[in-house]
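An overview of the molecular structure
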Amino acid sequence: MAPEKRGGEKEKDRSAINEVVTREYTINIHKRIRGVGFKERAPRALKEIWKFAVKERGTPGVHIDIRLNRSVWAKGIRNLPYRVWVWLSRKRNEDEESPNKL
């Protein structure tokens, strides 16, 4: 049985905007580029990594690091690593007028 919550206790103000979260993920590139032609594999893999990051972080402002780009392209345009281990972190947007706060 789950412990009962007391009515008087309130949690602190926890918001996604107040927290900067960093998480580790293993992205399976192999399943995301299945059926793609040889000359499109590395560019498509980077697009799929970007889409994964947008989905997990919940913000369209995603930047792919140079080291990740080089690791995807390390074996050429068609022979990609099957899996990539990445850190995804979400930072506050410094621009006050931006619709995306993260």
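What this report covers is the structure whose coordinates are included nearby.

Criteria and thresholds
- Residues numbered from 1 in each chain as written.
- Predicted model: local features only at pLDDT ≥ 70, side-chain atom pairs only at ≥ 80, totals over all residues.
- Heavy atoms only, no water.
- Salt bridge = Lys/Arg side-chain N within 4 Å of Asp/Glu carboxyl O.
- Helix = DSSP H or I, 4+ residues; strand = E, 2+ residues; numbered from the N terminus.
- Buried < 20%, exposed > 50% of the residue type's maximum accessible area, 1.4 Å probe, protein only.
- Contact = heavy atoms within 4.5 Å.
- Pairing = 2+ DSSP bridges.

Considering all chains together, one arrives at two salt bridges under this definition. Residue Lys51 is joined to Glu48 by a salt bridge in which the shortest nitrogen-to-oxygen separation is 3.3 Å. With Lys51 and Glu48 both in helix 2 (residues 41-57) and three residues apart, this pair spans about one turn of that helix. Judged by its relative accessible area of 47%, Lys51 is partly exposed. Overall, Glu48 belongs to the buried group, its relative accessible area being 16%. A salt bridge links Asp65 to Arg67; its shortest N-O distance comes to 2.8 Å.

Mapped onto the fold, Arg41 is located in helix 2. Beyond its immediate stretch of four places on either side in the chain, Arg41 contacts Ile33, Val36, Ile77, Arg78 and Leu80.

Here strand 2 (residues 83-89) shows a clear split, with Val84, Val86 and Leu88 buried on one side and none of Arg83, Trp85, Trp87 and Ser89 buried on the other. One ladder, built from seven bridges, connects strand 1 (residues 22-28) with strand 2; its direction is antiparallel. In the strand pairing of strand 2, Tyr25 is matched with Val86.

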